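Coordinate inspection notes
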Amino acid sequence: MENKLDGNAAGGILQEIFPFEMTLVQSTCSGCGVTHVIGELAVYVHGMGTVIRCPSCDTALIRVVQAKGRYWLDMRGVRVLQIRKEE
Ligand SMILES: [Zn+2]
């Protein structure tokens, strides 16, 4: 079972890991090179965790699993993250 949501749905679990607002972070896809704001990406939530996919080529950018008291973060689909510095 898999539920497709928008990128803002991933904000909750990413906020538990990263100290900045991840839905505003821009990620460049390693598959097609297109840059998207994470809040605009397709998010799939299922039993094993959360998968954030590129809407252009469907590459899995970020996978997050929470298990055994740890977060498992697979970001191999991200070439670059652009994080705006707080002024
Ligand atoms: Zn892509």
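Please read all numbers here as calculations on a predicted model, not as lab measurements.

Considerations on the nonpolar core
- Within the largest apolar cluster, 16 residues are counted, with the highest numbers of intra-cluster contacts made by L14, M22, I38, I52, L61 and I62.
- Only α1 (11-17) and β6 (60-67) provide two or more residues apiece to this core.
- A per-element tally of this core places β6 first, with three residues.
- With sequence-adjacent residues up to four places away left out, I62 is seen in contact with I38, T50, V51, I52, L73, D74, M75 and V78.

Description of the coordination of the zinc ion
- Within the first shell, the zinc ion binds the protein through C29 (SG), C32 (SG), C54 (SG) and C57 (SG), at distances of 2.3 to 2.4 Å.
- Coordination geometry of the zinc ion: the four donor atoms subtend angles of 100 to 113° at the metal centre, consistent with an arrangement described as tetrahedral.
- Mapped onto the sequence, the residues coordinating the zinc ion show the spacing C-x2-C-x21-C-x2-C.
- Owing to a relative accessible area of 1%, C29 belongs among the buried residues under this scheme.

What counts and what doesn't
- Counting from 1, residues in each chain are numbered in the order their sequence is written.
- Where totals are concerned, whole chains, interfaces and linings use all residues; where local detail is concerned, this predicted model gives features only for residues with pLDDT of at least 70, and gives and counts side-chain atom pairs only at 80 or more.
- Hydrogens and water molecules were not included; the side-chain quantities draw on all heavy atoms of the structure.
- Nonpolar core, defined: a set of buried Ala, Val, Leu, Ile, Met, Phe, Trp, Tyr and Cys residues in which side-chain atoms within 4.5 Å join the residues together.
- Per-residue accessibility, obtained with a 1.4 Å probe over protein chains only, is compared with the maximum for each type, and a residue is labelled buried under 20%, exposed over 50%, and partly exposed between these values.
- Helix and strand labels come from DSSP, where a helix needs a run of H or I of at least four residues and a strand needs a run of E of at least two; each type is numbered from the N terminus.
- Should any heavy atoms of two residues lie within 4.5 Å, those residues are considered in contact.
- The donor set comprises N, O and S atoms within 2.8 Å of the metal, extended to 3.2 Å for Na, K and Ca; water molecules are omitted, so apparent gaps in a site may simply reflect that omission.
- Under the classification used here, a metal with four donors is tetrahedral if each angle lies between 85 and 135 degrees, square planar if opposite donors are over 155 degrees apart and the others between 65 and 115, a six-donor metal meeting that same test is octahedral, and anything else is irregular.

In short, the description is geometric, and any link to function would need to be established separately.
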